[in-house]
Amino acid sequence: MVPQVLVSCCNLIDRWKMLLAADGRSEIDINSELHGLSADVISRAAFGSSYKEGKKIFEHQKEQAVLASEAYRALYLPGLRFLPTKKNRRRYQVDIEIKAMLRDLICKKQKAMQDGEAGNADLLGLLLQCKEEKGNDMTIEDVIEECKQFYLAGQENTALWLTWTLILLSMHPAWQEKARQEVLRICGKSPPEMDILHRLNIVSVNMLLTPILFIFSQTPSGFTHIKSEIANRLIETKPEDLKDATTKGG
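What you see as residue numbers is a count from 1 along each chain, following the sequence as written. Thresholds applied to this predicted model are a pLDDT of at least 70 for local features of residues and 80 or more for the giving and counting of side-chain atom pairs; totals over whole chains, interfaces and linings are not thresholded and use all residues. Hydrogens are left out, water is left out, and the side-chain values use all remaining heavy atoms of the structure.

Considering the overall build of the protein chain
Link 1 in the chain: Broken down by element type, the protein chain carries 12 helices and zero strands.
Link 2 in the chain: Helix numbering and strand numbering both begin at the N terminus, where a helix is a DSSP run of H or I of at least 4 residues and a strand a DSSP run of E of at least 2. Each helix and strand of the protein chain, ordered N terminal to C terminal, gives the series α-α-α-α-α-α-α-α-α-α-α-α.
Link 3 in the chain: For each residue, the accessible area found with a 1.4 Å probe, counting protein chains only, is set against the maximum for its type, and the residue is called buried under 20%, exposed over 50%, and partly exposed in between. Counting every position in the protein chain, which comprises 250 residues, the buried fraction comes to 34%.
Link 4 in the chain: Only carbon and sulfur atoms are counted for the fraction: they give 58% of the accessible area of the protein chain, which is about 15,800 Å². Computed with the Shrake-Rupley method and a 1.4 Å probe, the accessible areas treat only the protein chains shown as cover for residues.

Have a look at this one:
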C-alpha cells in the first residue's frame, strides 16, 4: 500500500507548492487538506484504480454521518424518523445512492478479476477473493457493508492524527528540524520504501506519530468534549514528553 500512499502525498505537496505566493508563503487550512488526503489514501488502498469512484462514495458517507449526527441531537419523538421530512428523505436517498455506487463498483471489480484485468492488490479485491473461497458464506451485501466501514474506521481519526502532528511540529521547530534531518538521513531525497520506514525512530516510534496516535486512541470517537480536552493537553505538550506518555500507557 506504500506506493498508493506516496501518490496521494506527492499530489498534496504539489498542490501546496502551487498555492504558495511569490514570497513563498501561503495560508492553508491543514485540517481540511488532511481530511482530503486521508480520504484519497483510503480510496486508493480500498479500491485501487477505482479510487475516484471510492472518493465519491466517501463524500456521500460524510454527508450521511452529518445527517445522522443531526438526527441524534434532535428532540426525540416516537416515529419521527419514519415521517417524510426533508432530512429523512435525504438520509434515505444518500443510503440508497451509497449502496448503488458500491454495488456497481463491486460488479466492475468482479468482472475485471474474472477477465484477469485486476488482481487483489486492494482491499476490495481481497474481500472479493475471500468471498469466493470455498466454505465462505459472505454475500455481496456483506461486502458492501465492509466497504462502508473503510471510511468510518479510518478517515476522521487519521486526519485528526496528522493535523495534531503538524500543529505540534509547528509549535516546536527544534523537533521539526530533528524529524526533517532523520528523514533526509535515512531516505535521502528519494521517496521512502516499506523496508526502511521502520528505521524512522523520531518520526514514527518515539516522539511523534506513535505517541500522538496513542493519546487519541484512548478516546472514543464522537466524544467531542473529551477530544477538546485532549487537544488542549496536546497544545501544552512538548514532543519529549510524548514518549513517556506512551510508555506509561503501555
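On we go.
Thoughts on the packing of helix α1 (residues 2–19) against helix α2 (residues 30–47)
Link 1 in the chain: Inter-axis angles, ranging from 0 to 180 degrees, are taken between N-to-C directions of lines fitted to C-alpha atoms, where helices are fitted over the stretch in contact. Orientation of α1 relative to α2, taken along the N-to-C sense of each, is 150 degrees, at an axis distance of 9 Å. Put simply, α1 runs roughly antiparallel to α2. The crossing of α1 and α2 is right-handed. Of the residues in α2, those touching α1 at Gln4, Val5, Val7, Ser8, Cys9, Asn11, Leu12, Arg15 and Trp16 are Ile30, Glu33, Leu34, Leu37, Asp40, Val41 and Arg44. Oblique is the label for any angle not under 35 degrees, not over 145, and not in the 65 to 115 range, which are roughly parallel, roughly antiparallel and roughly perpendicular in turn. For any pair of crossing helices, the crossing counts as left-handed if the nearer helix is rotated counterclockwise from the farther one by less than a right angle, and right-handed if it is rotated clockwise. We call two residues contacting when some pair of their heavy atoms lies within 4.5 Å.

Details of α2
Link 1 in the chain: With 18 residues, α2 ought to run about 26 Å at 1.5 Å a step, and its terminal C-alpha atoms sit 25 Å apart, in line with that.
Link 2 in the chain: With 14 of 18 residues buried, α2 lies mostly within the body of the structure.
Link 3 in the chain: Two or three places before Asn31, at the start of α2, stands the capping residue Asp29, its side-chain oxygen 3.4 Å from that residue's backbone nitrogen.
Link 4 in the chain: The first or second residue beyond α2 is Gly48, which carries a positive phi of 60 degrees. To estimate how far a helix should reach, multiply one less than its number of residues by 1.5 Å. Polar contacts, as counted here, are pairs of nitrogen or oxygen atoms within 3.5 Å of one another; within protein the pair requires one atom able to donate a hydrogen and one able to accept it, and residues that are adjacent in sequence qualify only if both atoms are side-chain atoms.

Here we look at the packing of aromatic side chains
Link 1 in the chain: For this analysis, a ring pair means two rings from Phe, Tyr or Trp (six-membered ring only for Trp) whose centres lie within 6.5 Å, classed as stacked if their planes differ by under 30 degrees, edge-to-face if by over 60, and tilted for the remaining angles. Applying the stated criterion across every chain, the model contains zero aromatic pairs.
Link 2 in the chain: Between the NZ or CZ atom of Lys178 and the centre of the ring of Trp175, over which it lies, the distance is 4.0 Å. A positively charged side chain is recorded as over a ring if its NZ (Lys) or CZ (Arg) lies within 6 Å of the ring centre. The angle to the ring normal must also be within 35 degrees.

Looking at the nonpolar core
Link 1 in the chain: Note on terminology: a nonpolar core comprises buried Ala, Val, Leu, Ile, Met, Phe, Trp, Tyr and Cys residues joined through side-chain atoms within 4.5 Å. Core analysis: the largest hydrophobic core is formed by 20 residues, its most contacted members being Phe47, Leu102, Leu124, Val143, Cys147 and Phe150.
Link 2 in the chain: Sorting the residues of this core by element identifies α2, α3 (51–73), α4 (86–114), α5 (123–132) and α6 (140–171) as the ones contributing at least two each.
Link 3 in the chain: Setting aside anything within four residues of it in sequence, one finds Leu124 in contact with Ala46, Phe47, Leu105, Ile106, Lys109, Val143 and Cys147.
Link 4 in the chain: If you look at the next biggest cluster of nonpolar residues, it comprises 10 residues, including Ala179, Leu200, Val203 and Met207.

Digging into the side chain of Asp40
Link 1 in the chain: Assignment of secondary structure puts Asp40 in helix α2.
Link 2 in the chain: At a separation of 2.9 Å, a polar atom in the side chain of Asp40 contacts the side chain of Arg44.

Some details on the environment of Met1
Link 1 in the chain: Among the secondary structure elements, Met1 is positioned in the segment before α1.
Link 2 in the chain: What makes Met1 partly exposed here is its relative accessible area of 42%.
Link 3 in the chain: A C-alpha to C-alpha distance of 6.2 Å links Met1 and Ala45, two positions 44 residues apart in sequence.
Link 4 in the chain: If we ignore the near neighbours within four places in the chain, the residues touching Met1 are Ala45, Ala121, Asp122 and Leu123.

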